[in-house]
Amino acid sequence: MKSLFQIAGITVKELLHEKIFYLLAAFSLLAIILSLLLGDLTYAEQSKITIDFLLAGIELTNLLFSVFMGITLLHRELNLGWIAMVLSKPISRTHFLLGKFLGQITIQASVILFLGVLTIVMCRMNEIHLAYQALFQSLVLTFLQGILMSAIVYFFAVNMGALVSAAASLGMFALGSFTEGAVKTNAALDTHPAWKMVKAVVPNFRLFNMKTLVSYGLSIEWHLLGIVCAYTLICSAMYLLLAGLCFSKRDIFT
Amino acid sequence: MKPNEQTDISIQNVSKIFRTGFGLKKTGVNGLSLEVPRGQVVGLLGPNGSGKSTTIKMIMGFLKPTAGSMTVCGHAVPSKISRSFIGYLPENPRFPKFLSGKSLLQFYGGLLSLRGKALAHRIEFLLDLVNLRWAANEKVQGYSKGMTQRLAIAQALLNEPRLLIFDEPMSGLDPLGRKDIRKLIAEVHRELPEATIFFSSHILEDVEQLCSSVALLKKGRLKTFCKVEELLKVEAQRFDVAVKHDSTTETKSLTGTQELVTFLNEAKNKGYLVMGISSHRTSLEEALFKDETVLSGAPL
């Protein structure tokens, strides 16, 4: 177990030395500034639109972080051969993956926390009213989405090349976020076998979206948050387990 | 399976076939069987593509054998327990560049469950052994190839392993660097006299100087596995004798001491003057490849 935390620790250090980390951080700051500007450009509901954009910026940063950092972390280990040094020690490949995953989500949690604080500061400076409980719940959901997305990315990244992994992961996110809405407009689709299969394999990412509620100052029931939390953990564990199994079976050319 | 006290590496009829796409296959190792006894320094020789690195990567568990089985110190491969006996140096060791040499050793030591003062003392000792104490706090990014290689040897020795596996330890080094690493491996053998050292190389001079036994691979198959001295005995020592008679000097090439003694007696009886005798010791290269152009990869 200690080795898991050691790998997580080194992953945190690794990410903090990553150029792409700072690029994403810069992107998120830009998104926050743009949100404030876009809010100002609207006639009505300025504060609601600003909050919506702010949270969308955090969500997008978190999504990009999950995909690109996850793929970078795993593929660089494999391509540069760092992994040979670690896996030559009495460490299982699943432990290695989990350590990397833990390190990554630690950084993601810190980034979301930082962006959350920045959002509060920005809203206060612009005299925008924020419902703190709703904001907290929204940030927790964003973090949970990051966990699930990272687990999916790890599953694809241990099996495929970098580009295909990124495309497949983003494809899963798109399916899980937008298909439900499309089906609602066409009830006949709901019984379609293809849709049933998609529902069985692709997590429902709409569960993590409460941006509109936050912009109206509304929070959700805590037990619902608990259910989403359990859903995230089960789905993530499933994807990580599959990733671990595939990774244990594959040849590693270093 | 109970640990075998006599054999550190046991390879039983192992094959590795790589899929190269479009239904094509390439055989890396073909029905290899090898028993490496404990405490020996064994060189794994062979030209490029002979299966040396594939064999080592299978022992380390990086590659899965297509057929056959392997054990390390009596434990099935791949397993965490089998790796706990091994100190491994890959062909091109690479480390996360943002860490210093010392931090890396602390990290790898942690993975080996070494902690506190024991780890700190071991790191100090190894930094002295590999002569890297002066650069211990520098980031690995600034290390030369030789320094990286020495750091990699240090990390392989952290847990005082019973089995050391070095994949082409002298690869890519200049002659001075090679000499340094050769000296270091000899020191490692002195420091861990009970440990088995199994290393691959295609530099015969290094193998001849360091190894007690050699295994020769060709096209994924084991061609020879024997002690270096036995191999060198196979071919008798050669002598060139220069003799002078009737104002002419003649050089005669002789094989073996018996032939030399007979010739010298004859020369004495005929009244020849022996001008000089030079002996030629058979090198490992000559002994291994006397009938083959193995190093060029040409067919046997």
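In this convention, every chain numbers its residues from 1, walking through the sequence in written order. Chains and ligands are labelled by the order in which they are written, letters from A for the one and numbers from 1 for the other. Confidence filtering applies because this is a predicted model: local features only for residues at pLDDT of at least 70, side-chain atom pairs given and counted only at 80 or more, and all residues used for totals across whole chains, interfaces and linings.

**Observations concerning the overall build of chain B**
In plain terms, the rule: Secondary structure counts use DSSP, requiring at least four H or I residues in a row for a helix and at least two E residues in a row for a strand, with both numbered from the N terminus. Buried means a residue has 20 or more other C-beta atoms within 10 Å of its own C-beta, exposed means 12 or fewer, and partly exposed covers the counts in between; C-beta atoms are placed from the backbone. We call two residues in contact if the C-beta atoms placed from their backbones are at most 7 Å apart.
Looking only at helices and strands, chain B features 10 helices and 13 strands. Projecting the C-alpha coordinates of chain B onto the three principal axes gives extents of approximately 80 × 50 × 40 Å. Buried residues in chain B amount to 37% of all 300 residues. For chain B, the proportion of contacts with a sequence separation of at least 24, taken over those separated by at least 6, is 70%.

**Describing the overall build of chain A**
Which entries qualify depends on this criterion: Radius of gyration: C-alpha atoms only; globule rule: 2.2 Å multiplied by the number of residues to the exponent 0.38.
Looking only at helices and strands, chain A has 10 helices and zero strands in total. In sequence order, chain A lays out its α and β elements as α-α-α-α-α-α-α-α-α-α. The C-alpha atoms of chain A give a radius of gyration of 19 Å, which matches the 18 Å a tight globule of 254 residues would have. Looking at chain A as a whole, 38% of its 254 residues qualify as buried. A sequence separation of at least 24 residues applies to 82% of the contacts in chain A between residues at least 6 apart.

**Brief notes about the interface of chain A and chain B**
Interface size, as often reported, equals the accessible area lost upon joining of the parts. For clarity, the cut-off: Amino acids are sorted into nonpolar (Ala, Val, Leu, Ile, Met, Phe, Trp, Tyr, Cys and Pro), charged (Asp, Glu, Lys and Arg) and polar (every other residue, Gly among them).
Contacts between chain A and chain B engage 22 residues on the former and 23 residues on the latter. Elements with a minimum of two residues in the side of chain A that touches chain B: helix H1 (2–16) and helix H4 (82–87) of chain A. If you tally residues by element for the side of chain A that touches chain B, the top one is H1(A), at six residues. In the side of chain A that touches chain B, the residues fall into 10 nonpolar, seven polar and five charged.

**Considerations on the confidence of the model for chain B**
Residue and element names in this part refer to chain B. For the record, the criterion: pLDDT runs from 0 to 100 and stands for how confident the predictor is about each residue.
With 90% of its residues at a pLDDT of at least 70, chain B reaches an overall mean of 86. The secondary structure element of chain B with the lowest average pLDDT is helix H10 (residues 284–289), at 64, and the one with the highest is helix H3 (residues 101–111), at 95. Below pLDDT 50 for its whole length, residues 293–300 participates in 11 contacts with residues either more than four positions away or in separate chains. Reported for the predicted complex are a pTM of 0.85 and an ipTM of 0.86.

**So, the sheet that holds strand S3 (residues 41–45) of chain B**
Residue and element names in this part refer to chain B. Convention followed: Pairing between strands is defined by DSSP: at least two bridges between the two strands are required. Here the axes come from fitting lines to C-alpha atoms, over the contacting stretch only for helices, and the angles between their N-to-C directions go from 0 to 180 degrees.
Here six strands make up an open sheet; going across it, the order is S6-S7-S8-S3-S9-S10 and the pairing mixed. With one partner strand each, in any of the chains shown, strand S6 (86–89) and strand S10 (221–227) form the two edges of the open sheet. Direction aside, neighbouring strands of the sheet carry axes that sit 15 degrees apart on average. Pairing analysis gives five bridges linking strand S7 (residues 163–167) to strand S8 (residues 196–201), with the strands arranged parallel. Looking at the pairing, Leu164 lines up with Ile197 of S8. The sheet strands contacting helix H1 (residues 52–60) are S3, S6, S7, S8 and strand S9 (213–218), and the helix crosses S7 at an angle near 140 degrees.

**Brief notes about the domain arrangement of chain B**
This is how the line gets drawn: Domain delimitation in this document rests on an assignment produced automatically or drawn from a domain database.
Taken domain by domain, chain B comprises domain 1 (7–233) and domain 2 (236–281). Its C-alpha centre places domain 1 of chain B at a distance of 46 Å from the equivalent point of domain 2 of chain B.

**Looking at the nonpolar core**
This is how it is decided: By convention in this section, buried Ala, Val, Leu, Ile, Met, Phe, Trp, Tyr and Cys residues joined through C-beta atoms within 7 Å make up a nonpolar core.
One finds Tyr154(A), Leu163(B), Ile165(B) and Phe198(B) to be the most contacted residues of the largest nonpolar core, which totals 121 residues. With 16 residues, the single largest contributor to this core is helix H6 (residues 132–157) of chain A.

**Remarks on the pairing of strand S12 (residues 248–255) of chain B**
Looking along a regular strand, one sees the side chains alternate between the two faces of the sheet. Where strand S11 (residues 238–245) of chain B meets S12(B), eight bridges bridge the pair, whose relative direction is antiparallel. By the bridge assignment, Phe239(B) is partnered in S12(B) with Leu254(B).

**Concerning the sheet that holds strand S2 (residues 24–37) of chain B**
Residue and element names in this part refer to chain B. Taken in spatial order, the four strands make up an open sheet running S2-S1-S4-S5, and their pairing is antiparallel. Both outer strands of the open sheet, S2 and strand S5 (75–76), are each paired with one neighbouring strand and no more. Pairing between strand S1 (residues 7–21) and S2: 10 bridges, direction antiparallel. Bridge pairing in S2 places Ser10 opposite Glu35.

**Structural notes on helix H9 (residues 257–270) of chain B**
Residues and elements named next belong to chain B. Put simply, the rule is: In this scheme, a helix's expected span is set at 1.5 Å multiplied by one less than its residue total.
The terminal C-alpha atoms of H9 lie 20 Å apart, and with 14 residues this matches the ideal 20 Å at 1.5 Å per residue to within 8%. Of all 14 residues in H9, zero are buried; the element is thus mostly exposed. Once H9 ends, the next one or two residues include Gly271, with phi positive near 80 degrees.

**A short note on unusual backbone geometry**
Residues and elements named next belong to chain B. Cis geometry is found at the peptide bond from Val77 to Pro78, where omega equals 0 degrees. The residue Glu160 is not glycine, and still its phi comes out positive at about 45 degrees. Among the residues examined, Glu160 registers 13 C-beta atoms within 10 Å and is labelled partly exposed.

**Some points on the environment of Ile51(A)**
Residue and element names in this part refer to chain A. Within the secondary structure, Ile51 sits in helix H3 (residues 46–80). In sequence terms Ile51 and Thr119 are 68 residues apart; their C-alpha atoms lie 8.4 Å from each other. Ignoring anything within four residues of it in the chain, the contact list for Ile51 reads Ile128, Leu130, Val214 and Ser215.

**A word on helix H5 (residues 145–156) of chain B**
Taking 1.5 Å per residue as the helical rise, H5(B) with its 12 residues ought to reach 16 Å, and the 17 Å between its terminal C-alpha atoms agrees with that figure. Looking at the buried side of H5(B), the elements it contacts are H4 of chain A together with S6, H3, helix H4 (116–129), S7 and helix H6 (175–191) of chain B.

**Structural notes on the environment of Ala67(B)**
Residues and elements named next belong to chain B. Relative to the elements of secondary structure, Ala67 occurs in strand S4 (residues 67–72). Ala67 gets classed as partly exposed once you count the C-beta atoms within 10 Å, which come to 13. Between the alpha carbons of Ala67 and Lys16 there is a distance of 6.8 Å; along the sequence they are 51 residues apart.

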